[in-house]
Amino acid sequence: QVQLVESGGGLVHSGGSLRLSCAASGLTLDYYSIGWFRQAPGKEREGVSCISSVDGSTWYVDSVKGRFTIATSTSNKTVHLQMNSLKPEDTAVYYCAHPCMTGELQIVGYWGQGTQVTVSS
């Protein structure tokens, strides 16, 4: 059974930074992809960023390009999302997800429980 556990959420001022972490267990494939989705009040859940073990390629939704960076620690199956220059619009519950290639909701089979990110203006 695959389990995804998020951590690192919290309250930060506009322009600040947070680093989210997703600890994955139960993965049995040599090739994997993990990423992040987020859902703000009144909005649809959207893909934020994904990373693949095939070639280390990454994907970001346009609104976070240049501000967020995704990376993996392959030895312990941990994925990090470094979020810089945070904006109030980034406020949402962030969910770790597998698989994640280019932010498609339809292919996600496993979700974490979510971690709250709040950015004050």
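Scroll up to find the structure this text is about.
As the structure is a computational prediction, the values presented were derived from the model and not from experiment. (Residues numbered from 1 in each chain as written. Predicted model: local features only at pLDDT ≥ 70, side-chain atom pairs only at ≥ 80, totals over all residues. Heavy atoms only, no water.)

> Break down unusual backbone geometry for me, citing the residues and quoting the values.
Of the consecutive residues His98 and Pro99, the connecting peptide bond is found in the cis state with omega at -10 degrees. Secondary-structure assignment places Pro99 in the loop between β9 (92-98) and β10 (110-111). (Helix = DSSP H or I, 4+ residues; strand = E, 2+ residues; numbered from the N terminus.)

> So what about the layout of surface pockets? Which residues, and what values?
Taken as a whole, the largest pocket encloses approximately 150 Å³ of empty space. Together, 15 residues line the largest pocket, and Tyr32, Ser33, Ser52, Cys100 and Met101 are the ones closest to its centre. Looking at the lining of the largest pocket, the elements with two or more residues in it are β5 (46-52) and β6 (58-60). Ranked by the residues each element gives to the lining of the largest pocket, the list is headed by β5, at 3 residues. Here the lining of the largest pocket is composed, by residue class, of 9 nonpolar, 6 polar and no charged. (1 Å grid on protein atoms, 1.4 Å probe; cavity = no way out; pocket = protein on both sides within 12 Å on 5 of 7 lines; lining within 4 Å. Points joined across faces, edges and corners; volume = space filled by probe spheres on them. Nonpolar A, V, L, I, M, F, W, Y, C, P; charged D, E, K, R; others polar.)

> Outline the pattern of salt bridges, listing residues and values.
A complete count under the given rule lists 4 salt bridges for this structure. Put simply, Glu46 and Arg38 hold a salt bridge, and the shortest N to O gap is 2.8 Å. Judged by its relative accessible area of 6%, Arg38 is buried. Here the residues in one salt-bridge network are Arg38, Glu46, Arg67 and Asp90, joined through shared partners. (Salt bridge = Lys/Arg side-chain N within 4 Å of Asp/Glu carboxyl O. Buried < 20%, exposed > 50% of the residue type's maximum accessible area, 1.4 Å probe, protein only.)

> Please set out the pairing of β9 residue by residue, giving values where relevant.
Summarising burial for β9: 6 of the 7 residues are buried, a large majority. Sheet topology places β9 next to strand β11 (residues 115-120); 3 bridges connect them, and they run antiparallel. Residue pairing for β11: Ala92 is matched across the bridge by Val117. Here 2 bridges tie β9 to β10, and the two strands are oriented antiparallel to one another. (Pairing = 2+ DSSP bridges.)

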